[in-house]
Amino acid sequence: MNTEKITSTTVAFIGLGAMGYRMAAHLPKKFAQVQVYNRTFKKAEQHASEYSTQAVTLAEAVQADIIFSCLPTSAEVASIISQHTPKAGSVWVDCTSGVPSVAQQLASTLAQHGSAFLDAPVSGQTTGAENGTLTVMVGGDATALAKAKPAIDCFAGLIEHVGESGAGFAVKAINNTLLAANLWAASEGLSILKAHGVNLTNALNCINASSGQSLASSNILPNRVLNRQFPNTFALNLLAKDCGIAIDLQQQKQTPSPMLAQVASLCRAASNQHTAGSADFSDMVKLLEDWTGIEIS
Ligand code: NDP
């Protein structure tokens, strides 16, 4: 196996949260110069000592050849870009689950400085980030993607170029709204079964070997809800944000989508029950449990 690292390209990662910390950990396997920045700087220093990356200031990070960001929303990314201009020839790869129209604005802003912006949100949860098997849905310029691909490859299982600027964010928003829909629908189904005295583990064994199966039934419900663990790995308010982006897209084109609109409302209502960031996305089902009086366990 060729273990020589790439020395000609500096890679930076901004935002070492639940996803970013793990995604950035794969980069030093291929690149000799990996810089990390985090608002709470201690996390960057911890990353540097754990993975032999280099903790740098934000101003330094944005001068890399390939700049990754993974922040809660497009607002934080736009704010950073408004204060720091990357160098000409660089590619900014935004792995935030963001807003398509902001991707288009940022791509056009960076193009004026000779650099490129790719919206490249990811899917696969923190375990996918840990294992380097994330699905990356990319919107933007194909040449910029070819340049950034060796770096994205470090944490990806699938990289799909889905269209022009904003397309990656759009696909991600719809994907996560489908996750919320599947989770809510499966939870309603299990409530009905429990009311009829059916054992839910047995029921899921059947559903997961049948046509009603989804990630919600095979993974989220057994590993987070039925066991009452609700591990906090993906914030409910971020899922509600993603559903909101999907509904904004729907409204822009007036494509009727009553079911997804309903799911987005349910997700927002569930999120509003918690202070920001304090609940896992699987806590969404507790809103249903409050209504039905039936615990999904
Ligand atoms: P976290 O809340 O764990 O991390 C957010 C990161 O952003 C932290 O590093 C935080 O810094 C930083 N940050 C927050 N606000 C600011 C700011 N104003 N300026 C600079 N930095 C800031 O989020 P996740 O890692 O879970 O999610 C990141 C993105 O990835 C989101 O868009 C999410 O929707 C998406 N995503 C999440 C998945 C998951 O399973 N968690 C799966 C797929 C996508 P600090 O440490 O200082 O708070």
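Each remark here, short or long, concerns the structure printed above.
What comes next concerns the included structure. All values reported here derive from a predicted model rather than from experimental measurement.

1. What about the pattern of salt bridges?
And then number 1: Scanning all chains against the criterion turns up eight salt bridges.
And then number 2: A salt bridge links Glu 295 to Arg 228; the shortest N-O distance between them is 3.7 Å. Separated by 67 residues along the polypeptide, Glu 295 in the segment after helix H13 (285-292) and Arg 228 in the loop between helix H10 (215-225) and helix H11 (236-253) bring together distant segments of the chain.
And then number 3: Asp 283 is paired through a salt bridge with Lys 286; the nearest N and O atoms lie 2.6 Å apart.
And then number 4: Under the relative-accessibility criterion, Asp 283 is labelled buried at 6%.
And then number 5: The class of Lys 286 is partly exposed, set by a relative accessible area of 28%.
And then number 6: Members of the salt-bridge network, linked through shared partners, are Arg 228, Glu 289 and Glu 295.

2. Quick notes on the site of the ligand
And then number 1: By nearness alone, 23 residues border the ligand, and Ala 18, Asn 38, Thr 40, Lys 43 and Thr 233 come closest of all.
And then number 2: Here Arg 39 contributes a side-chain N or O atom positioned 2.9 Å from an oxygen atom of the ligand.
And then number 3: Between the ligand and Thr 40, the relevant distance is 2.5 Å, taken from an oxygen atom to a side-chain nitrogen or oxygen of the residue.
And then number 4: Out of a free accessible area of 910 Å², the ligand has 83% covered by protein chains.
And then number 5: Applying the majority rule of atoms within 2 Å of the grid points places the ligand in the largest pocket.
And then number 6: When residues of the shell around the ligand are traced back to their parent elements, those giving at least two are helix H6 (125-131) and H11.
And then number 7: Here the residues of the shell around the ligand are counted per class, giving nine nonpolar, nine polar and five charged.

3. Description of the environment of Met 23
And then number 1: Within the secondary structure, Met 23 is located in helix H1 (residues 20-24).
And then number 2: Judged by its relative accessible area of 0%, Met 23 is buried.
And then number 3: Once you skip the residues sitting within four places of it in the chain, Met 23 turns out to touch Phe 13, Cys 70, Cys 95, Val 122, Ala 129, Leu 134 and Phe 155.

4. Some points on the packing of helix H8 (residues 167-195) against H13
And then number 1: One way to put it is that H8 packs onto H13 with a least axis distance of 10 Å and a crossing angle of 30°. Taken as a pair, H8 and H13 cross one another with a handedness that is right-handed. Contacts between H8 and H13 involve Leu 183, Trp 184, Ser 187, Glu 188 and Ser 191 from the first element and Val 285, Leu 287, Leu 288, Trp 291 and Thr 292 from the second.
And then number 2: Looking at the contact of H8 with H13 residue by residue, the classes come out as six nonpolar, three polar and one charged.

5. Brief notes about the packing of aromatic side chains
And then number 1: In the structure shown here, the tally under the stated rule is five aromatic pairs.
And then number 2: Residues Tyr 21 and Tyr 51 carry aromatic rings whose centres are separated by 6.1 Å and whose planes lie at 70° to one another, so their mutual orientation is edge-to-face. In this pair, Tyr 21 is assigned in helix H1 and Tyr 51 in helix H2 (residues 41-51), connecting sequence segments 30 residues apart.
And then number 3: For Tyr 21, a relative accessible area of 13% gives the class buried.
And then number 4: We classify Tyr 51 as partly exposed; its relative accessible area is 27%.
And then number 5: With centroids separated by 5.4 Å and ring planes inclined at 70°, the aromatic side chains of Phe 68 and Phe 155 adopt a geometry described as edge-to-face. Linking Phe 68 in strand S4 (residues 66-69) with Phe 155 in the loop between helix H7 (142-152) and strand S9 (156-163), this pair joins segments that are 87 residues apart in sequence.
And then number 6: Given a relative accessible area of 0%, Phe 68 falls into the buried group.
And then number 7: Connected via pairs of aromatic rings, a cluster forms that spans Phe 13, Phe 68 and Phe 155.
And then number 8: Of note, Lys 286 hangs over the ring of Phe 230, and the distance from its end group to the ring centre comes to 4.0 Å.

6. So, the layout of surface pockets
Picture a little ball the size of a water molecule; that probe, rolled over the atoms, points out where space is still empty.
And then number 1: Its volume calculated, the largest pocket comes out at about 1,100 Å³.
And then number 2: Counting only elements with at least two residues in the lining of the largest pocket, the list comes to helix H4 (74-83), strand S7 (122-123), H8, H10 and H11.
And then number 3: Here the element with the most residues in the lining of the largest pocket is H8; it accounts for six residues.
And then number 4: The residue makeup of the lining of the largest pocket, split by class, is 21 nonpolar, 16 polar and six charged.

Cut-off values and rules
Residues numbered from 1 in each chain as written. Predicted model: local features only at pLDDT ≥ 70, side-chain atom pairs only at ≥ 80, totals over all residues. Heavy atoms only, no water. Salt bridge = Lys/Arg side-chain N within 4 Å of Asp/Glu carboxyl O. Helix = DSSP H or I, 4+ residues; strand = E, 2+ residues; numbered from the N terminus. Buried < 20%, exposed > 50% of the residue type's maximum accessible area, 1.4 Å probe, protein only. Near = heavy atom within 4 Å. Polar contact = N/O pair within 3.5 Å; in protein donor to acceptor, adjacent residues only side chain to side chain. Areas by Shrake-Rupley, 256 points an atom, 1.4 Å probe, with all protein chains shown as cover. 1 Å grid on protein atoms, 1.4 Å probe; cavity = no way out; pocket = protein on both sides within 12 Å on 5 of 7 lines; lining within 4 Å. Sits in = over half its atoms within 2 Å of the grid points. Nonpolar A, V, L, I, M, F, W, Y, C, P; charged D, E, K, R; others polar. Contact = heavy atoms within 4.5 Å. Axes fitted to C-alpha atoms, helices over the stretch in contact; angles between N-to-C directions. Left-handed = near helix turned anticlockwise from the far one by under 90°. Phe/Tyr/Trp six-rings, centres within 6.5 Å; stacked < 30°, edge-to-face > 60°. Lys NZ or Arg CZ within 6 Å of the ring centre and 35° of its normal. Points joined across faces, edges and corners; volume = space filled by probe spheres on them.

Interpretation note: all reported values are geometric properties and have no functional meaning in isolation.
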